[in-house]
Amino acid sequence: MKATLTIAKREFKSYFDSPLAYVVICLGLALLGVFFFFVHGFWQVDRASMTMLFSYAAWGLGTLIVPVITMRLLADEKRTGTLEMLITLPVKDSEVILGKYLGALGLVSVLLLATALYPILMFKWPWHLGPLDTGPVLAGYLGLLLYSAAAVAIGLMISSLTESQVVAFFVTFIVLLVMHKVADIGEFAPGRLGEIARAVSFEANLTNFARGLIDTRNVIYFLSITGLCLVMAFRSLESRKWS
Amino acid sequence: MSTDVMIHASNLTKMFGSLAALDRVSFDVHKGEVVGFLGPNGAGKSTTMRILTCFISPSSGTAKIHGHDVFESPLEVRQKLGYLPQRAPLYGEMSVWEYLRFSADMRQIDMGTFKTRLRKVVEVCGLAQVLGKDIRTLSHGYRQRVGLGQALIHDPPILILDEPTSDLDPNEKAEVINYIREIGKERTVLLSTHNLAEVEAACARAIIVSKGRVVADGTLDDIRAKAGNVRYLVTVDEKNAMTGKAPTATVVRDALAGLAKVQSVSETPSDDKAHAFELAADKESDIRPEIYRLAVEKGWILLELRRDAKTLGDVFRDLTRGESLHARGLADRDDEDEDEDEEEDDTDDEADDDGGDDEEQDDRESDAGDSKSKSGSSDKKKKD
């Protein structure tokens, strides 16, 4: 367990050793602001609602931030050979996977926490733009966290399958995009197929959270994706032994 | 298995698809030994080391480190090991201190122990100047030292070093070899390389692998002896003689070939004042007195007479020769053809400047080939 945390800590810190973490956080916040206030038109809606913030945050995380953060996790270590150094330390393969996962999820969480600046600045201090219902905001953040957990696990799994960061980025990007929008495609699909598409879509599973509703089905959905992808990443890492 | 066997490999086989990277490799390394693991590139050195460090698993066979099976208890194995993979892959964004601290953390070493260990490691590996620097800014030599440092931070009884001197300049090589000698005083070390001089400098024993098989295993003297014969270098003055006329090369050659126990004589290149010959004879006897007597009897002026064993390099080339021929698709030809092919290959080597890791080895090979070809051609001239 201690090894897991050591790896997670190193991974998390290494993001801040390069400009990546700063760029991701600053750009993420700026883009979120632009979309929330100008594209969505927060002022025109004239309601103290953060629902759309969560929708945009999920979009940004899925399509840009998570792929950028997870692309190098294992792919780069495989390419440079540092993985050999890491794995031949007294550490289990599962601890390597979990450590890397927690390190990346840590950075995403920091970004999520940073977005909390928006509701706090707008509704608590220094401005009071209206009475904000805190329940849905907290539920929305829980949803985003679960969503990030699943997305990072998917990115880690894909990163474990290739030695190229670029490939890892694009595959993760496409998978997350499809997972996000599969419900929209499902609109056109007939009957049962459409239902399945809605059930596995990220967006559909996030809407409840943004409205303040914590449904166990949605929670289990995100947690199962996380678990499944972590196990697959572990297997993929282990497969080096037999190839 | 006696208790002082630190590394035990038995019938290790590793298949990559249908290619056997390792074919029943077995050896033991005992406590306190520094063993050179030699072989051409692709012979299976790294594969063996990766199996020993539990990075990959063998297709069949077993290996034990410090009595722990690599398959059943990989964590215990890794606790006992310090490992430096090829090219020392390190996290470039970390400083040397951070990296060593990370390795220590991963090995559950507390801060107090770390500080005392660090002092030792910095001293042995010469890292005092670079502790605060980022690894990516360091030269190859320093990276190797940091790699050695992380392998030593937990004071392991066994060290496995995969080509610790590749990519280094000659000074750095010598330094790293010195460090390894220093480290090897109280530890068991398995060191892979294809640089024979290093093995001779640092190791008492060598294991030579070729095409995934162990082709020689023993002390350096044993391995040299395995090659069988010794050679004599004889140089006779061409212009002057003690009595009578100065000898021609053919006369000297025939007279030397007439000596008992001489297996072969070949002329080697020399300046125009002397005839130089290389004689091969079995290693049991010393024929220098006979050569001297012959020279006195004929009235030749003997400029040089030297007996030396085959170098480890010769042995290495003999043992692994099949592999390079195989790679060139020439494995089934007979000996005569081999020599010619080697000459051809030499020109390739010279043309090919980016020899990389193999440069030194290739140079030696081409040197040997050159002298051979020259002696061959001068032989022909004489016959003409």
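Residues numbered from 1 in each chain as written. Chains lettered and ligands numbered in written order. Predicted model: local features only at pLDDT ≥ 70, side-chain atom pairs only at ≥ 80, totals over all residues. Heavy atoms only, no water.

Novice: Let's hear about the sheet that holds strand 2 (residues 19-30) of chain B: which residues, and what values?
Specialist: Residue and element names in this part refer to chain B. Spatially, 4 strands are ordered 2-1-4-5 in an open sheet, and the strand pairing comes out antiparallel. On the outer flanks of this sheet lie strand 2 and strand 5 (68-69), each paired with one strand and no other. Pairing of strand 4 (residues 60-65) with strand 5, which is carried by 2 bridges, proceeds in the antiparallel orientation. Bridged to Lys-64 within strand 5 is Asp-69. (Pairing = 2+ DSSP bridges. Helix = DSSP H or I, 4+ residues; strand = E, 2+ residues; numbered from the N terminus.)

Novice: A description of the domain arrangement of chain B should follow, citing residues and the corresponding values.
Specialist: Each domain of chain B was delimited in the assignment, giving domain 1 (5-224) and domain 2 (229-309). Measuring from the centre of the C-alpha atoms in domain 1 of chain B to the corresponding centre in domain 2 of chain B gives 46 Å. (Domains from an automatic or database assignment.)

Novice: How would you explain unusual backbone geometry if you had to name every residue and give the values?
Specialist: Residues and elements named next belong to chain B. We note that Arg-87 has phi near 65 degrees; this positive angle belongs to a residue other than glycine. Assignment of secondary structure puts Arg-87 in the loop between strand 6 (81-84) and helix 3 (96-106). On the accessibility criterion, Arg-87 (45% relative accessible area) is partly exposed. The phi torsion at Lys-211 lies on the positive side, around 50 degrees, for a residue other than glycine. Tracing the backbone through its elements, the reader meets Lys-211 in the loop between strand 9 (205-210) and strand 10 (213-219). (Buried < 20%, exposed > 50% of the residue type's maximum accessible area, 1.4 Å probe, protein only.)

Novice: Lay out the nonpolar core with the relevant residues and their values.
Specialist: Met-50, Leu-61 and Phe-222 of chain A together with Ile-7, Phe-27 and Leu-190 of chain B are the most contacted members of the largest nonpolar core, which has 153 residues in total. At 14 residues, the largest contribution of residues to this core is made by helix 9 (residues 134-161) of chain A. Excluding its chain neighbours within four sequence positions, the residues that come into contact with Ile-7 of chain B are Phe-27, Asp-28, Val-29, Leu-52, Lys-64, Ile-65, Ile-158, Ile-160 and Leu-190 of chain B. Residues Val-234, Val-252, Leu-256 and Val-265 of chain B belong to the second largest nonpolar core, which totals 19 residues. (Core = buried A, V, L, I, M, F, W, Y, C linked by side-chain atoms within 4.5 Å. Contact = heavy atoms within 4.5 Å.)

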